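So you can see what is in the structure, the chains are spelled out below.
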Amino acid sequence: WTSLSISGYPTYSISGNKHVYGPSGISDIYDSYEGPSYTTGIFTFEYGLNFNRVFSLGIDAGFCPYWGTMHSGYTGEVTSKRFGCNIFVMPEAHLAYINRKFFRFFGTIGLGISLQVGDCPLDIPVLPMFQINPVCVEYGNKWFVLARLGVGTEFLGGKVGFGYRF
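Residues numbered from 1 in each chain as written. Predicted model: local features only at pLDDT ≥ 70, side-chain atom pairs only at ≥ 80, totals over all residues. Heavy atoms only, no water.

Here the focus is the packing of aromatic side chains. Each pair of aromatic rings is reported with the distance of its centres and the angle of its planes. Summed over all chains, the structure comprises six aromatic pairs. Arranged with centres 5.0 Å apart and planes meeting at 65°, the rings of Y97 and F105 form a pair that is edge-to-face. Note on Y97: relative accessible area 42%, which makes it partly exposed. Given the relative accessible area of 25%, F105 is considered partly exposed. Ring centres 5.3 Å apart and planes at 85° place the aromatic pair Y164 and F166 in the edge-to-face group. Put simply, the rings of W143, Y164 and F166 touch in pairs and so form one group of aromatic residues. The ring of F106 is capped by R104, whose NZ or CZ atom sits 4.3 Å from the centre of that ring. Geometry around F144 places R165 over its ring, the cationic atom sitting 4.2 Å from the centre. (Phe/Tyr/Trp six-rings, centres within 6.5 Å; stacked < 30°, edge-to-face > 60°. Buried < 20%, exposed > 50% of the residue type's maximum accessible area, 1.4 Å probe, protein only. Lys NZ or Arg CZ within 6 Å of the ring centre and 35° of its normal.)

Right, here's the structure in full:
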């Protein structure tokens, strides 16, 4: 199979804002801090080989643009803007529980690498990644909708979207 899918949803994160958790020292009150971060969601391209109706191997490649702001700890004003993109490549194994023409119910497991380009908030821009999705549903033939529940570095929780099979 070969498919292009757009999934996820725009998100808002406060995890980078250290003032949410409180300063660890008096000098931290005046340090710059990260403001809200946003993302478009994940755009993915999958290519796979079906060995039979139950088992297939594929590769999942995608990108996820993000942007945010840095703020002055003293005034709270925006001091700079950050833009970047997380790009990943992850080989995956698919195990089909139900595989019909218009309906697929399956699980996936994958291991790959992630590269952050642009204004990278991490010290190490290349990181290993994994994804385990025990519950995946696709409905449709050429055009399809998808829903996945899983845990990993691509997403945690749920992923919904639509796609097209070539």
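Next comes the rest of the description.
Before going further, it helps to spend a moment on the nonpolar core. Counting five residues, the largest nonpolar core is built from I42, C64, F88, M90 and M129. Filtering out sequence-adjacent residues up to four positions away, M90 remains in contact with G58, I59, D60, G110, L111, G112, M129, F130, Q131 and E154. (Core = buried A, V, L, I, M, F, W, Y, C linked by side-chain atoms within 4.5 Å. Contact = heavy atoms within 4.5 Å.)

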